[in-house]
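Fold and contact review
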Amino acid sequence: MLVSHSRDVAASTADLAKALVGTGDPAPVAAAGGLPDGGIGTSAELIRRAIADVDEGKGVVVLCDMGSAVLTVKEILADPAGNGVPEDLRIADAPFVEGAVAALVTASVGGDADMVTAATDDARGYRKV
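Residues numbered from 1 in each chain as written. Predicted model: local features only at pLDDT ≥ 70, side-chain atom pairs only at ≥ 80, totals over all residues. Heavy atoms only, no water.

So, helix α2 (residues 44-54)
To keep things clear, this is the line we draw: Accessibility here uses a 1.4 Å probe with only protein chains present; expressed as a share of the type maximum, an area under 20% marks a residue as buried, one over 50% as exposed, and anything in between as partly exposed. Each helix is a run of H or I in the DSSP string that is no shorter than four residues. Each strand is a run of E no shorter than two, and both are numbered from the N terminus. Think of the arc as the fan of directions from the helix axis to the C-beta atoms.
Those residues of α2 that sit buried are Leu-46, Ile-47, Ala-50, Ile-51 and Val-54. For α2, the angular spread of buried residues about the axis comes to 135 degrees, placing them on one side.

What to know about a nonpolar patch on the surface
We apply this condition: Patches draw on residues past 30% relative accessible area with no salt bridge. Two like charges within 9 Å are joined, as are two nonpolar side chains (Val, Leu, Ile, Met, Phe, Trp, Tyr) within 5 Å. Areas reported here follow the Shrake-Rupley algorithm with a probe of radius 1.4 Å; residue values treat only the protein chains shown as occluding. Salt bridge, as applied in this entry: a Lys or Arg side-chain nitrogen positioned within 4 Å of an Asp or Glu carboxyl oxygen.
A contiguous nonpolar patch, built from Leu-16, Leu-20 and Val-97 and spanning about 240 Å² of accessible area, is present on the exposed surface. Judged by its relative accessible area of 49%, Leu-20 falls in the partly exposed class.

What about the layout of surface pockets?
Note the threshold: For each structure, a 1 Å grid was placed over the protein atoms alone; sets of points admitting a 1.4 Å probe that cannot get out are labelled cavities, open sets with protein on both sides within 12 Å along at least five of seven lines are labelled pockets, and lining residues have an atom within 4 Å of a point. Grid points are joined across faces, edges and corners, and a volume is the space filled by probe spheres set on the points. Charged means Asp, Glu, Lys or Arg here, nonpolar means Ala, Val, Leu, Ile, Met, Phe, Trp, Tyr, Cys or Pro, and polar covers whatever is left, Gly included.
The calculated volume of the largest pocket comes to roughly 380 Å³. Together, 23 residues line the largest pocket, and Ala-27, Pro-28, Gly-59, Ala-107 and Val-116 are the ones closest to its centre. Listed by contribution, the elements that provide at least two residues to the lining of the largest pocket are β3 (60-64), α4 (96-108) and α5 (113-125). At 5 residues, α4 tops the list of elements feeding residues into the lining of the largest pocket. Partitioned by chemical class, the residues of the lining of the largest pocket number 15 nonpolar, 5 polar and 3 charged.

Some words on the sheet that holds β3
Counted only if it meets this: A pair of strands is treated as paired once DSSP finds two or more bridges between them. In this analysis an axis means a line fitted to C-alpha atoms, helices contributing only their contacting stretch, and an angle means the value between N-to-C directions, from 0 to 180 degrees. Here a residue-residue contact requires only that any non-hydrogen atoms of the pair lie within 4.5 Å.
Taken in spatial order, the 4 strands make up an open sheet running β2-β1-β3-β4, and their pairing is parallel. Across the chains shown, the open sheet's two edge strands, defined by having one partner strand only, are β2 (31-33) and β4 (89-91). Shown here is a sheet whose adjacent strand axes are inclined to one another by a mean of 20 degrees, direction ignored. Strand direction decides the pairing type here: β3 and β4, joined by 3 bridges, are parallel. Pairing of Val-62 across the sheet is with Ile-91, part of β4. Helix-sheet contacts for helix α3 (residues 67-78) involve β1 (2-4), β3 and β4, and the interaxial angle to β4 is about 155 degrees.

Structure below.
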């Protein structure tokens, strides 16, 4: 599940991650970017809807770009039952694009929420030089 201030950034990151899964069917991925009117920002409503779209009862890992995206997800996490989201909802502390790819590849080969979170942790530490 991807949360960005921009609808285009969230959707493009989801598309890239799906393309990099390779063969087979990718695990569910949803993007909650921007505001309902298409503007820049974050929307708890869009985030809750996207979480519901990907929830298969195995936990949901959320990657956020920054600032209010993180704060909005943390607000939802503070009262999961009241927000109608799964109990096993977590934020991954990972770079947005690399974390999204690691998360989707891991989930697509059957990884559970713990394995997906571990993969995003690896993405956070991956050195490029």
